[in-house]
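# Geometric and topological summary
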Amino acid sequence: QQRMQERIGLLERKCATLQRRLSAQVLQARASGPAGQGRSHPPWLQPLIQHLGPRTGVWALAAFSNVDKALRTVTQLILQRSTWLWLFYVHLLVLYLIVASLTWSSSTDPASTVAILNQQMTQAQQLPSSLASSTALSPSAAPSAAGSG
């Protein structure tokens, strides 16, 4: 009984320590600047902590903060140098052109999925009409169909 009470006390102290660490991380993130839309921490942090616990929240916030800081630094460097900014725009244009050319080439390719599906649909639509015409022409088809069902 007493051993269980000691274990519960230990777990409560650990939980309180982790909660203080998480609160400190959130306060530190607030002091370092906004994380988008005027918020000091990401909107997914609180639900993450509620579902997975404060330890996961601390790790996720640390990972998010590091990646966010690196991306913001790169963005600031790009914005400060006009040549880099133009290279960034050109690289986006090239990526869009690649995607557009791949999309166009796959849609005009006769072996594309859409063309194959269209061909199969056309064959399926022609099949019942050819069966109906062959059944109407051959009188022996009707008894065999009735006998098999």
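Since the structure is predicted, the reported quantities are computational estimates derived from the model, not experimental observations.

### What about the overall build of the protein?
When its secondary structure is counted, the protein shows six helices and zero strands. Each helix and strand of the protein, placed in order from N terminus to C terminus, yields the pattern α-α-α-α-α-α. In the protein, which comprises 149 residues, the share counted as buried stands at 12%. A fraction of 32% describes how many contacts in the protein between residues 6 or more apart in sequence connect residues 24 or more apart. Carbon and sulfur atoms provide 64% of the accessible area of the protein, an area that totals close to 12,200 Å².

### Some details on helix H3 (residues 54–80)
Under the 1.5 Å per step criterion, the end-to-end length of H3 is 38 Å for 27 residues, consistent within 8% with the ideal 39 Å. Those residues of H3 lying buried are Pro 54, Gly 57, Val 58, Ala 60, Leu 61 and Ile 78.

### Concerning the nonpolar core
One finds Leu 22, Val 26, Leu 45, Ile 49, Val 58 and Leu 61 forming the largest nonpolar core, which totals six residues. What Leu 45 contacts, discounting residues up to four positions off in sequence, is Val 26, Gly 57 and Leu 61.

### Details of a positive patch on the surface
Together, Arg 7, Lys 14, Arg 21 and Arg 55 make up a positively charged patch on the protein surface. With three residues, the top contributor of residues to the positive patch is helix H1 (residues 2–32). Checked against the element boundaries, Arg 21 lands in helix H1. Owing to a relative accessible area of 52%, Arg 21 belongs among the exposed residues under this scheme.

### A closer look at the packing of aromatic side chains
If you walk through the whole model with that rule in mind, you get three aromatic pairs. Ring centres of Trp 86 and Tyr 89 lie 6.1 Å apart, and the angle between their planes is 85°; on these two criteria the pair is classed as edge-to-face. In this pair, Trp 86 and Tyr 89 both sit in helix H4 (residues 82–108), three residues apart, roughly one turn of the helix. Trp 86 sits in the exposed class, given a relative accessible area of 60%. The class of Tyr 89 is partly exposed, set by a relative accessible area of 43%. Connected via pairs of aromatic rings, a cluster forms that spans Trp 86, Phe 88 and Tyr 89.

### Quick word on the pattern of salt bridges
Counted by the stated rule, this structure contains one salt bridge. Between Asp 68 and Arg 72 there is a salt bridge; the shortest N-O distance is 2.9 Å. Residue Asp 68 and its partner Arg 72 are both found in helix H3; the two are separated by four residues, about one turn of the helix.

### Observations regarding the environment of Thr 75
The residue Thr 75 is located in helix H3 in this model. On a C-alpha basis, the gap between Thr 75 and Leu 85 in space is 9.3 Å, while along the polypeptide they are ten residues apart.

### Quick notes on the confidence of the model for the protein
Per-chain confidence: the protein averages 78 in pLDDT, with 71% of residues scoring 70 or above. Per-element mean pLDDT across the protein ranges from 49 in helix H6 (residues 141–148) up to 90 in H3. Below a pLDDT of 50 lies the segment residues 145–149, which in the model reaches zero contacts outside its immediate sequence neighbourhood of four places, other chains included.

Calculation rules
Each chain has its residues counted from 1, running along the sequence as written. Side-chain atom pairs in this predicted model are given and counted only at pLDDT of 80 or more, local residue features only at pLDDT of at least 70, and totals for whole chains, interfaces and linings cover all residues. To get the side-chain values, all heavy atoms of the structure are used, and hydrogens and water are removed first. Each helix is a run of H or I in the DSSP string that is no shorter than four residues. Each strand is a run of E no shorter than two, and both are numbered from the N terminus. Relative accessibility under 20% of the residue-type maximum defines a buried residue, over 50% an exposed one, and the middle range a partly exposed one, all with a 1.4 Å probe and only protein chains included. The criterion used for residue contact is that any of the two residues' heavy atoms lie within 4.5 Å. Residue burial considers only the protein chains on display, and all accessible areas are found by Shrake-Rupley using a 1.4 Å probe. Helices are assigned an expected span. That span is 1.5 Å times one less than the residue count. By convention a nonpolar core is built from buried Ala, Val, Leu, Ile, Met, Phe, Trp, Tyr and Cys residues, the set being connected through side-chain atoms within 4.5 Å. Exposure above 30% relative accessible area and the absence of a salt bridge qualify a residue for a patch, where like charges join within 9 Å and nonpolar side chains (Val, Leu, Ile, Met, Phe, Trp, Tyr) within 5 Å. Salt bridge, as used here, is a side-chain nitrogen of Lys or Arg placed within 4 Å of a carboxyl oxygen of Asp or Glu. A positive count includes Lys and Arg, and a negative count includes Asp and Glu. His and the chain ends are not counted in either. Working definition for charges: the position is that of NZ of Lys, CZ of Arg, CG of Asp or CD of Glu. Aromatic rings from Phe, Tyr and Trp, with only the six-membered ring used for Trp, were paired whenever their centres fell within 6.5 Å, and each pair was classed as stacked if the ring planes differed by under 30 degrees, edge-to-face if by over 60, and tilted otherwise. Across the chain, each position has a pLDDT score giving the predictor's confidence in that residue, from 0 to 100.

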